[in-house]
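# Summary of the model geometry
One-letter residues, chain by chain:
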Amino acid sequence: MDAKHSIAADLLNWYDAHRRDLPWRAPPGAQADPYRVWLSEVMLQQTTVATVTPRFTAWVARWPDIASLAAADEAEVMAAWAGLGYYARARNLVKAAKVVAAEHGGRLPDNEAALRALPGLGDYTAAAVAAIAFGRRAVVIDGNVERVVARLFAAAGKPAVRAAAEAITPDRRAGDFAQAMMDLGATICTARSPRCMLCPLAAACVARATGAQESFPVKPAKKPRPQRFGTIFWLQRGDEVLLVRRPARGLLGGMRALPTGPWGETRPALADAPADADWRLRNATVTHVFTHFALELALAVARWDAQTIPVAGEWWPVREIDSAGLPTVFAKAAAAIRGE
DNA sequence: TAACCGTGGCA
DNA sequence: TTGCCAAGGTT
């Protein structure tokens, strides 16, 4: 057995003894449900296992298979995703479920290329589903694999990492191999302070040999995060507050929301209010950090006494605001206004 | 290619 | 407190 086969064998042996028990994983040797594998992979995109686990369980209780998801009410789906972030994932889940229902007989395609063509499945997710759900040999590269492989071979740059990952991916048990790499990356070969003393691959690790494990993978410098400002408009009629639906694309796309003016580089006042009302600006502000900018929101509050609705939207019971499926930034604003 | 796209936990 | 980090994808 050569060195590269030995890596896969050693890793799989470690996996058989130390694999994490996760709700989307089938018991050892059993066939995984492709829908659950797909759903978990999408939920786990840039999202921790701890965050995903309860959301996954609730999701499959509500939409247990692809057919139910393809027929789901999109507003309910978006509300169910609220708080998880990267909301295009939820929109693409429904889109892909409809494609699978209409064009694939209701079953996920069982090969990487066809999976890759579905919305929301990129190189990583298509490979992961092909390997984990269908036992295909696929080169699965996520952040964990990139880190593990970069350290194992002191590989710098994505092409070098991919070549190395391709070389060590076994023909058999490719799905277990991928999950083993991810478990190793999540529990042993961590980004900070890796536990090399516990690593089943330590003897083969090039970076470890020179003490350079924390220098891999090589990360590009990050750009500064700009500051933006905006105003949230809380319009209350009796015990209800005005909620709107954000545009289908872009930031928080398709999500229920509190009305807000545009977010710019200077502090706005009461421009772009959804109604001509007696707006009062609160002293407190709400801050929220997105991936690529930080936001400071002023809070404007007014009453609305007419029976009409000033803009396209809905009156929502304030007492039930937590069930509206608001993204976190709006949930924060609602909590701040109600708490005062 | 690089910008855009969320959130919560942790050192 | 601030920045980093987590099973990435789309345009």
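You'll find chain A entered in an unreviewed UniProt entry as Adenine DNA glycosylase, with Sphingomonas lycopersici given as the organism. Recorded in UniProt under Sequence similarities (unreviewed entry), the annotation for chain A is "Belongs to the Nth/MutY family."

### Brief notes about the overall build of chain A
Across its full length, chain A carries 13 helices and six strands. The principal-axis extents of the C-alpha atoms in chain A amount to approximately 80 × 50 × 30 Å. Of all intrachain contacts in chain A linking residues separated by at least 6 positions in sequence, the fraction that spans at least 24 positions is 67%. Of the accessible surface of chain A, which amounts to about 17,200 Å², a share of 52% is contributed by carbon and sulfur atoms. In chain A, the 41 positive side-chain charges and the 33 negative ones have mean positions that sit 4 Å from each other.

### What about the protein's contact with DNA strand C?
With respect to spatial proximity, 23 residues lie near DNA strand C, and among them Glu 41, Gly 120, Asp 142, Asn 144 and Arg 147 are the closest. Of everything in DNA strand C that lies within 4 Å of the protein, sugar and phosphate atoms constitute 66%. In the environment of DNA strand C, a phosphate oxygen lies 2.8 Å from a nitrogen or oxygen atom belonging to the backbone of Gly 122. Interatomic distance of 2.6 Å between a side-chain N/O atom of Asp 142 and a sugar or linking oxygen of DNA strand C.

### Describing the pattern of salt bridges
Counted by the stated rule, this structure contains 16 salt bridges. We note a salt bridge from Asp 183 to Arg 25, for which the minimum N-O separation is 2.8 Å. Of this pair, Asp 183 sits in helix α11 (residues 174-187) while Arg 25 sits in the loop between α1 (3-18) and α2 (34-43), and the two are 158 residues apart along the sequence. Of the two residues examined, Asp 183 and Arg 25, each falls in the buried class.

### Remarks on the domain arrangement of chain A
Once the domains are mapped, chain A shows domain 1 (3-215) and domain 2 (227-339). Taking the mean C-alpha position of each, domain 1 and domain 2 sit 36 Å from one another. Between domain 1 and domain 2, the buried area comes to about 700 Å², and carbon and sulfur atoms account for 58% of it. When the buried area of domain 1 at its contact with domain 2 is split by residue, Met 78, Tyr 87 and Arg 91 rank highest and sum to 53% of it. Between domain 1 and domain 2 we count zero salt bridges in total. Where domain 1 meets domain 2, there are three residue pairs in polar contact (both at pLDDT 80 or more). By residue number, the principal contributor to the side of domain 1 that touches domain 2 is helix α5 (residues 74-81), which donates three residues.

### Things to note about the packing of helix α9 (residues 143-153) against helix α10 (residues 158-168)
Look at α9 against α10: their axes get within 9 Å of each other, and the N-to-C directions meet at 90°. With respect to α10, the element α9 is oriented roughly perpendicular. Here α9 contributes Glu 146, Val 149, Ala 150 and Phe 153 to the contact with α10, which in turn contributes Lys 158, Val 161, Ala 164, Ala 165 and Ile 168. Its residues assigned to classes, the contact of α9 with α10 shows seven nonpolar, no polar and two charged.

Scoring rules and cut-offs
Residues numbered from 1 in each chain as written. Chains lettered and ligands numbered in written order. Predicted model: local features only at pLDDT ≥ 70, side-chain atom pairs only at ≥ 80, totals over all residues. Heavy atoms only, no water. UniProt positions renumbered as here; feature names shortened; annotations may be inferred. Helix = DSSP H or I, 4+ residues; strand = E, 2+ residues; numbered from the N terminus. Contact = heavy atoms within 4.5 Å. Areas by Shrake-Rupley, 256 points an atom, 1.4 Å probe, with all protein chains shown as cover. Lys, Arg positive; Asp, Glu negative; His and termini not counted. Charge placed at Lys NZ, Arg CZ, Asp CG, Glu CD. Near = heavy atom within 4 Å. Polar contact = N/O pair within 3.5 Å; in protein donor to acceptor, adjacent residues only side chain to side chain. Salt bridge = Lys/Arg side-chain N within 4 Å of Asp/Glu carboxyl O. Buried < 20%, exposed > 50% of the residue type's maximum accessible area, 1.4 Å probe, protein only. Domains from an automatic or database assignment. Buried area = accessible area lost by both parts, 1.4 Å probe. Axes fitted to C-alpha atoms, helices over the stretch in contact; angles between N-to-C directions. Parallel < 35°, antiparallel > 145°, perpendicular 65-115°, else oblique. Nonpolar A, V, L, I, M, F, W, Y, C, P; charged D, E, K, R; others polar.

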